[in-house]
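# Survey of secondary and tertiary structure
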Amino acid sequence: MSKYIIGISGSIAAYKSAYLVRALIKKKHAIKVVMTPSATKFIAPITLSTLSKNEVSVELINEGTWNNHVELGIWADGMIVAPATATTLGKMAHGIADNMLIATYLSSKCPVYIAPAMDLDMWKHPSTKANISILKSYGNHIINVNNGELASGLYGEGRMAEPDDIVTFLENLKLTENKLQLKGKKVIITAGPTHEKIDAVRFISNRSTGKMGIALADACFKQGAEVILILGPSKHRPIHREVKVILITSAEEMYNATIKQYHNCDIAIMAAAVADYTPTKTYSHKVKKGNNNWEMDLKRTKDIAAQLGKMKQKSQINIGFALETDNEMEYAQNKLKKKSFDFIVLNSLQDKGAGFGHDTNKVTIIHKDNKIKKYELKSKPEVAHDIINEIVTILPHA
């Protein structure tokens, strides 16, 4: 069965955590409890230690000994913060590690489930809503609050979910995970631009932000895949911390990283906007402006997609991207054949809201058997979902 950390913060709802620990122990799960100091004023650590059959952690330093929150975070298959007060939500959202619970949360490598508990006005406050939004963006799971009578005497939203409801939430999520479309698959994704160095301050690049590739990385992870994202210079990152990110700068670095990862992958999605050319000569210093024009020789970069096409095994799937301004279909179909893609995702700069920099995209998917699917303008996460659905139709077991 699973190993869970139960994180308890200072709320009257802390008494429910004893029932949650007991319910999970009955399901044969292993439990370790972490409490904030204020939580101990609502329920005694000895109660939770007895129920969990493990020592309860409260302080980062206890009688001169450091409690290893890193080891605890690595141990768990899941972390459940119940109850999560407004204070704890804020600290989790902004990384304020001033207690054992937050330090453990920041060290955890597992899914995190949060069951908020607070009064109605606190739950409705914009700062709480903003913190919930941030925590969701990190990939955490929020367990909905219940309606009911609150500690203040008010009636409304803010009650922590009942322990049995939390257990059901976890079990339903596990059932969903068992139906994940890419479970057991290893996916590599290239994303973003490359920077081809000219001198100490200048480089050749393009307007790619990496948003489409990052959306694909998050979507593939949510469908159960092991994801490796090879990402060029971009300020954006995946929501899910479990996505392995390899940061590169140049086309040469992206080529080397992709070739290295390709051998044992199931699916390769080449969404990066790799520079086609790079300077033949670079300078370690800043080249000063002169009176004459500056002529520069460029050479072709290595073609990552073409090389993967040569290496491709029957069990592997290669997906390409084409961003065009004219003769879009013709160029995309030629690229599809030349690079041995299973299908190619075409987007045109002629379509408003598509291409570099936007949060939306409008794509056409062209399969190697010339089957064509056209989609309307959608958010990039929605486009990523459409692409995954197409991948599933051509998986070897499909």
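Up top is the structure.
What counts, and where the lines are drawn
- Residues numbered from 1 in each chain as written.
- Predicted model: local features only at pLDDT ≥ 70, side-chain atom pairs only at ≥ 80, totals over all residues.
- Heavy atoms only, no water.
- Core = buried A, V, L, I, M, F, W, Y, C linked by side-chain atoms within 4.5 Å.
- Buried < 20%, exposed > 50% of the residue type's maximum accessible area, 1.4 Å probe, protein only.
- Helix = DSSP H or I, 4+ residues; strand = E, 2+ residues; numbered from the N terminus.
- Contact = heavy atoms within 4.5 Å.
- Pairing = 2+ DSSP bridges.
- Phe/Tyr/Trp six-rings, centres within 6.5 Å; stacked < 30°, edge-to-face > 60°.
- Lys NZ or Arg CZ within 6 Å of the ring centre and 35° of its normal.
- Axes fitted to C-alpha atoms, helices over the stretch in contact; angles between N-to-C directions.
- Salt bridge = Lys/Arg side-chain N within 4 Å of Asp/Glu carboxyl O.
- Disulfide = S-S within 2.5 Å.
- Polar contact = N/O pair within 3.5 Å; in protein donor to acceptor, adjacent residues only side chain to side chain.

Ile189, Leu216, Cys220, Ile269 and Ile387 are the most contacted members of the largest nonpolar core, which has 34 residues in total. With seven residues, the top contributor of residues to this core is helix α9 (residues 211-222). The residues touching Leu216, leaving out its near neighbours within four places in the chain, are Ile189, Ile269, Ala271, Phe321, Ala384 and Ile387. Residues Ile6, Ile31, Ile80 and Leu170 belong to the second largest nonpolar core, which totals 30 residues.

A few words on the sheet that holds strand β5 (residues 78-84). Overall, parallel pairing links the five strands, which are arranged β2-β1-β5-β6-β7 in an open sheet. Either end of the sheet is taken by a strand with one partner, and the two such strands are β2 (30-35) and β7 (141-142). Relative to strand β6 (residues 112-116), β5 runs parallel, the two being bridged by four bridges. Note on β6: the bridge partner recorded for Ala84 is Pro116.

With respect to the helices and strands, His367 occurs in strand β21 (residues 363-367). The residues contacting His367, other than those within four sequence positions of it, are Leu336, Asp342, Phe343, Glu390, Thr393 and Ile394.

Considering all chains together, one arrives at two aromatic pairs under this definition. Plain terms: the ring middles of Tyr283 and Trp294 are 6.4 Å apart, the flat faces sit at 65° to each other, and that makes the pair edge-to-face. Taken as a pair, Tyr283 in the loop between β16 (277-279) and β17 (298-300) and Trp294 in the loop between β16 and β17 lie far apart in primary sequence, 11 residues in all. Judged by relative accessible area, which is 23%, Tyr283 ranks as partly exposed. By relative accessible area, Trp294 is classed as partly exposed at 41%. Cation over ring: Lys32 sits above Trp75, and NZ or CZ is 4.6 Å from the ring centre.

Ordered in space as β14-β13-β10-β15-β18-β19-β21-β22, the eight strands form an open sheet in which the pairing is mixed. Edge positions in the sheet fall to β14 (244-247) and β22 (372-374), since each of these pairs with one other strand and no more. Within the sheet, the average angular offset between the axes of one strand and its neighbour, ignoring direction, is 15°. Bridge analysis of β21 against β22 gives three bridges, and the strand direction is antiparallel.

Take the pattern of salt bridges next. Enumeration over the complete set of coordinates arrives at 13 salt bridges. Between Lys124 and Glu157 there is a salt bridge, with the nearest N and O atoms lying 3.2 Å from each other. Taken together, the residues Lys124 in helix α6 (residues 120-124) and Glu157 in strand β9 (residues 155-159) connect sequence positions 33 residues apart. Judged by relative accessible area, Lys124 falls into the partly exposed class, the value being 46%. One connected set of salt bridges, linked through shared partners, spans Lys16, Arg159 and Glu162.

In total, this model carries zero disulfides according to the counting rule given. Of the cysteine sulfurs around Cys220, a residue in no disulfide, the closest is that of Cys265, at 11 Å. By relative accessible area, Cys220 is classed as buried at 0%. Taking the relative accessible area as the measure of exposure, Cys265 reaches 4% and is therefore buried.

A few words on helix α5 (residues 100-107). The element α5 is extensively covered by neighbouring structure, given that seven of its eight residues are classed as buried. Those residues of α5 that sit buried are Met100, Leu101, Ile102, Ala103, Thr104, Tyr105 and Ser107. N-capping of α5 is provided by Asn99, with a side-chain oxygen placed 3.1 Å from the backbone N of Leu101.

As a further point, take the environment of Trp75. With respect to the helices, strands and loops of the structure, Trp75 is situated in helix α3 (residues 69-75). Sequence separation of Trp75 and Lys3 is 72 residues, and the distance between their C-alpha atoms is 7.4 Å. Residues in contact with Trp75, not counting those within four places in the same chain, are Lys3, Tyr4, Ile5, Ala30, Ile31 and Lys32.

For the rest of this paragraph, the subject is the side chain of Thr278. Its location among the elements puts Thr278 in strand β16. A polar contact of 2.9 Å, which involves the side chain of Thr278, links it to the side chain of Glu196. Setting aside chain neighbours within four positions, we find Thr278 in contact with Glu196, Asp297, Leu298, Lys299 and Thr301.

Function-wise, these values are silent; they only describe arrangement.
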